[in-house]
Amino acid sequence: MKRVYNFSAGPSCLPEEVLKECAAEMLDYQGTGQSVMEMSHRSKFYEPIIADAEAMVRKLMNVPDNYKVLFLQGGGSTQFAMVAENLGIKTGKAAYINTGVWSKKAIAEAKKLGVQVDVIATSEDKNFSYIPRVEKITGDYDYAYICFNNTIMGTHYEYIPDTGNIPLVADISSCVLSEPLDVTKFGLLFAGAQKNLAPAGVTLVIIREDLIPDECRPGTPTMLMYKTHAENGSMYNTPPCYTIYVLGKVLHWVEKNGGAEGMGKRNREKADYLYNFLDNSDFYHATTEKGSRSLMNVPFLTKYSTGATDEASVAKEKEINDKFVKEATAAGLVNLKGHRLVGGMRASIYNAMGLDGVKALVDFMKKFADENK
Ligand SMILES: Cc1ncc(COP(=O)(O)O)c(C=O)c1O
């Protein structure tokens, strides 16, 4: 068996230990004679699995009792709508910070649903390579919204805006449990699981109970009301049972490896190793500004990405990027192609990626730079 180092932005690598446990339990989960895939979600075997997953989220993220932990479907993208439908109901106004693709999509969805969106800050002027500094948000907003880690652009908030009484909503899809986070600073947090938590298929939502309304914006479908899921322990309809089971196992792995603090230490070490290399290289450079850099997603360019738009320069840039990705793949370092909005390469180094993977990447990058000077 040959495992690769997988730098995918999501779905992404999972801890090998967890995959082995799932494999061992595939045909017969703890003497039940069934796979978790085959079980009724209302069975006595499954109930402890989802209860444990919730308990582990609460424990590892230090979630206070006045918050609900929900396991929903529809990905982060459905949360763009649910947030607006459920929270945009008093003044119908919301403040958004625009830090790239995922916040733009959230903004578009809120507008589509009739919420009046004020984009109070943006980093569009520099292709979203930094996080705008917005210390304080005031106004008669129903909520304020940020994308805490920008998977495509590779940026991350190093501060939490002070919103006073305005509930702060954050998309933490690509940084959940990557380091400690003070849940009490937020009204609502959500994360698609397919990066740090589990395979694709479940979305974790953590919402302060007083923000769960009885009535949403007019016409909101039952399935898009947080109340529906909060009142039914995420079992109003069939939940993504198997994904939640894997999520529970990943969380136990996180706990064994030091919890959120342990992850933070591990991730900082990995990110520092890679950014230090990039910052000291005359062949590569990071695309993001210091003070706004993601621990999870690291986009980088080579010296051939000059910004020149003449045909020869564009062709050379493409040739080098393609060569990098091809040779890296052959060396067992996969999914490094950059997003088209940034270009170059992107290494996503989520919780399950070890320092060994990052070192292997840097070794490859050194060799590639020498061969392509
Ligand atoms: C930060 C962020 N938010 C939202 C999404 C959308 O998630 P989904 O594909 O689960 O709808 C993504 C997907 O990569 C993401 O990175």
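Remember, it's a predicted structure, so these values are computed and weren't measured experimentally.

*Asks:* What exactly am I supposed to notice about the sheet that holds strand E4 (residues 116–122) here?
*Replies:* Remark on secondary structure: sheet strands pair via backbone hydrogen bonds, oriented parallel or antiparallel. Taken in spatial order, the seven strands make up an open sheet running E2-E10-E9-E8-E5-E3-E4, and their pairing is mixed. At either margin of the open sheet sits one strand with a lone partner, and together these are strand E2 (67–72) and E4. Strand-to-strand twist in this sheet, taken as the mean axis angle between neighbours without regard to direction, amounts to 15°. Contacts from helix H2 (residues 47–61) reach E2 and strand E10 (203–208) within the one sheet, and its direction differs from that of E2 by about 130°.

*Asks:* Just checking my understanding: could you explain the sheet that holds strand E14 (residues 345–348) for this structure?
*Replies:* If you walk across this open sheet you meet the three strands as E11-E12-E14, and the pairing is antiparallel. Strand pairing shows two members of the sheet lacking a second neighbour, strand E11 (284–286) and E14, which therefore form its edges. Taken over all neighbouring pairs, the strand axes of this sheet differ in orientation by 30° on average, direction set aside. The pairing of E11 with strand E12 (residues 297–302) spans three bridges and is antiparallel. Pairing of Ala 286 across the sheet is with Phe 300, part of E12.

*Asks:* Explain helix H6 (residues 241–256) here, please?
*Replies:* Think of an α-helix as turning once every 3.6 residues; residues three or four places apart then point the same way. Counted at 1.5 Å a residue, the expected span for H6 with its 16 residues is 22 Å, and the 23 Å between its end C-alpha atoms agrees. Summarising burial for H6: 13 of the 16 residues are buried, a large majority. Two residues or fewer past H6, Gly 258 is found with a positive phi of approximately 100°.

*Asks:* Honestly, the site of the ligand in this entry has me stumped. Any pointers?
*Replies:* Neighbouring residues of the ligand: 13 residues in total, closest Ser 77, Thr 151, Asp 171, Gln 194 and Lys 195. Measuring from an oxygen atom of the ligand, one finds a side-chain N or O atom of Thr 151 at 2.5 Å. When the free accessible area of the ligand is taken as 390 Å², the share hidden by the protein chains comes to 84%. At four residues, the largest contribution of residues to the shell around the ligand is made by helix H3 (residues 75–87). For the shell around the ligand, the residue count by class is three nonpolar, eight polar and two charged.

*Asks:* Teacher, can you tell me more about the domain arrangement of the protein chain here?
*Replies:* Accessible area lost upon the coming together of the parts is a frequently used measure of interface size. On domain assignment, one finds that the protein chain holds domain 1 (5–11 + 259–371) and domain 2 (17–256). Summarising the inter-unit geometry, the C-alpha centres of domain 1 and domain 2 are found 27 Å apart. Between domain 1 and domain 2, the residue contacts involve 30 residues of the former and 29 residues of the latter. Summing both sides of the interface, domain 1 and domain 2 together bury roughly 2,300 Å²; the carbon and sulfur share of this comes to 55%. Remark: the boundary between domain 1 and domain 2 carries two salt bridges. Across the pair Glu 289 and Lys 126 runs a salt bridge whose closest N-O atoms are separated by 3.3 Å. Considering each element in turn, the side of domain 1 that touches domain 2 owes the most residues, nine residues, to helix H7 (residues 259–279). Looking at the side of domain 1 that touches domain 2 residue by residue, the classes come out as 12 nonpolar, 12 polar and six charged.

*Asks:* In this structure, what is going on with the environment of Glu 179? I would like to understand it.
*Replies:* With respect to the helices and strands, the residue Glu 179 is situated in the loop between strand E8 (168–171) and strand E9 (188–192). Filtering out sequence-adjacent residues up to four positions away, Glu 179 remains in contact with His 156, Ala 260, Gly 264, Arg 268 and Leu 295. At 3.0 Å, the side chain of Glu 179 and the side chain of His 156 are in polar contact.

*Asks:* Hey, could you run me through the environment of Val 176 in this one?
*Replies:* By the element assignment, Val 176 lies in the loop between E8 and E9. We classify Val 176 as buried; its relative accessible area is 1%. Taking C-alpha positions, Val 176 is 6.5 Å from Asn 196, a pair spaced 20 residues apart along the chain. With residues up to four places along the chain from it excluded, the contact list for Val 176 reads Met 61, Ala 191, Asn 196, Leu 197, Leu 204 and Asn 351.

What counts as what
Residues numbered from 1 in each chain as written. Predicted model: local features only at pLDDT ≥ 70, side-chain atom pairs only at ≥ 80, totals over all residues. Heavy atoms only, no water. Pairing = 2+ DSSP bridges. Helix = DSSP H or I, 4+ residues; strand = E, 2+ residues; numbered from the N terminus. Axes fitted to C-alpha atoms, helices over the stretch in contact; angles between N-to-C directions. Contact = heavy atoms within 4.5 Å. Expected span 1.5 Å × (residues − 1). Buried < 20%, exposed > 50% of the residue type's maximum accessible area, 1.4 Å probe, protein only. Near = heavy atom within 4 Å. Polar contact = N/O pair within 3.5 Å; in protein donor to acceptor, adjacent residues only side chain to side chain. Areas by Shrake-Rupley, 256 points an atom, 1.4 Å probe, with all protein chains shown as cover. Nonpolar A, V, L, I, M, F, W, Y, C, P; charged D, E, K, R; others polar. Domains from an automatic or database assignment. Buried area = accessible area lost by both parts, 1.4 Å probe. Salt bridge = Lys/Arg side-chain N within 4 Å of Asp/Glu carboxyl O.

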